[in-house]
Amino acid sequence: KCKVLIPADAAEAYKADNTWTAFKALCPVDIDNIFVADSIAYVINEEKDAYTVVGSMHYGVAAELTIPETMTDEATGIELPVKNIMPYAFLANTEIETLDIKSAGVISNNAFQGCNSLQILTLGEAIDSLGNEAFLSCTKVDSIACMSLDPPTCGKDALKDVKKKSCRLSIPFGTLEVYKVA
């Protein structure tokens, strides 16, 4: 379950080396451009038009975690929107109880897998999709607020262990039929 950040330009070499293939969560990133703000690590994307959430570089993430809509790298002063959350970003982080995702784009595969203290989840209006197993093993989730008028698409087992019969799902007024179909 260990997330390993590796240099993006060396990803193929790591994946070919038998020592590293045992790690399920090899995450290629531009390591030189990672910065941390409010316990969350970010990196600028390839297009240089948004930040991607890498995850927490250490435990100590607040029990009430908010992933913002925009972020400013204090070293460079560049403010950009936050788009996408990397695979395995918060894998097995048991400190997060409330999660408010205001960012846009994709919550990648396994991003919050094993966050088994997570109870309240808010998905912002600009979330497009939840990757495979994005919230797998998040068994304590009892409230989800999805702010998007269009339901985000869900990959395989994205919300598998959420107790759907008892979890309260809040959606925008007038979208009930769209969400039922999704």
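Just so we're clear, the structure is a prediction, and the values are computed from it rather than from any experiment.

> Which residues make up the overall build of the protein chain, and what values go with them?
Regarding its fold elements, the protein chain presents 2 helices and 15 strands. Expected size for 182 residues packed as a compact globule is a radius of gyration near 16 Å; at 16 Å, the protein chain falls within 12% of this value. With the C-alpha coordinates aligned to their principal axes, the bounding extent of the protein chain is approximately 45 × 40 × 30 Å. Burial analysis of the protein chain (182 residues in total) assigns 43% to the buried set. Long-range contacts, defined as pairs at least 24 residues apart, comprise 47% of the intrachain contacts of the protein chain with a sequence gap of at least 6. Split by element, the accessible area of the protein chain, about 9900 Å² in all, is 52% carbon and sulfur. Of the side chains in the protein chain, 15 bear a positive and 25 a negative charge, and the two mean positions are spaced by 12 Å.

> Please provide a residue-by-residue account of the sheet that holds strand S9 (residues 98-101), values included.
Taken in spatial order, the 5 strands of this open sheet run S6-S9-S11-S13-S15, and their pairing is parallel. Among the strands making up the open sheet, the edge pair consists of strand S6 (64-67) and strand S15 (168-170). Adjacent strand axes in the sheet meet at a mean angle of 10 degrees, parallel and antiparallel pairs treated alike. Bridge analysis of S9 against strand S11 (residues 120-123) gives 4 bridges, and the strand direction is parallel. Each residue of the ladder has a partner; that of Ile101, found in S11, is Leu123.

> A description of the pairing of strand S10 (residues 104-107) should follow, citing residues and the corresponding values.
Bridging between strand S8 (residues 78-85) and S10 involves 2 bridges; their strand directions are parallel. By the bridge assignment for S10, Lys83 is matched with Ala104. In the sheet, S10 pairs with strand S12 (residues 127-130) via 3 bridges, with the strands oriented parallel. Within S12, the position partnered with Val106 by the bridge is Ser129.

> Help me get a handle on the nonpolar core, residues and values and all.
Counting residues in hydrophobic clusters, the biggest one holds 38 residues, and the most contacted among them are Ile67, Phe90, Leu99, Ile101, Ile107, Phe112 and Phe135. Sequence-distant contacts of Phe112, defined by excluding residues within four places in its chain, comprise Ile67, Ile85, Phe90, Leu99, Ile101, Ile107, Ala134, Phe135, Leu136 and Cys138. Of all hydrophobic cores here, the second largest spans 9 residues; its members include Ala41, Val54, Met86 and Tyr88.

> Provide a residue-level description of the state of the cysteines, including the pertinent values.
Going through the model one piece at a time under the given rule, you end up with 0 disulfides. With no disulfide partner, Cys154 has as its closest neighbouring cysteine sulfur the one in Cys146, 8.1 Å distant.

> Outline unusual backbone geometry, listing residues and values.
In this model, Glu133 sits at a positive phi of 55 degrees, which is unusual for a non-glycine residue. Relative to the helices and strands, Glu133 is located in the loop between S12 and strand S13 (143-146).

Reading the values: rules and limits
Residues numbered from 1 in each chain as written. Predicted model: local features only at pLDDT ≥ 70, side-chain atom pairs only at ≥ 80, totals over all residues. Heavy atoms only, no water. Helix = DSSP H or I, 4+ residues; strand = E, 2+ residues; numbered from the N terminus. Rg over C-alpha atoms; globule rule 2.2 N^0.38 Å. Buried < 20%, exposed > 50% of the residue type's maximum accessible area, 1.4 Å probe, protein only. Contact = heavy atoms within 4.5 Å. Areas by Shrake-Rupley, 256 points an atom, 1.4 Å probe, with all protein chains shown as cover. Lys, Arg positive; Asp, Glu negative; His and termini not counted. Charge placed at Lys NZ, Arg CZ, Asp CG, Glu CD. Pairing = 2+ DSSP bridges. Axes fitted to C-alpha atoms, helices over the stretch in contact; angles between N-to-C directions. Core = buried A, V, L, I, M, F, W, Y, C linked by side-chain atoms within 4.5 Å. Disulfide = S-S within 2.5 Å.

Function cannot be read off these values alone, since they describe shape.
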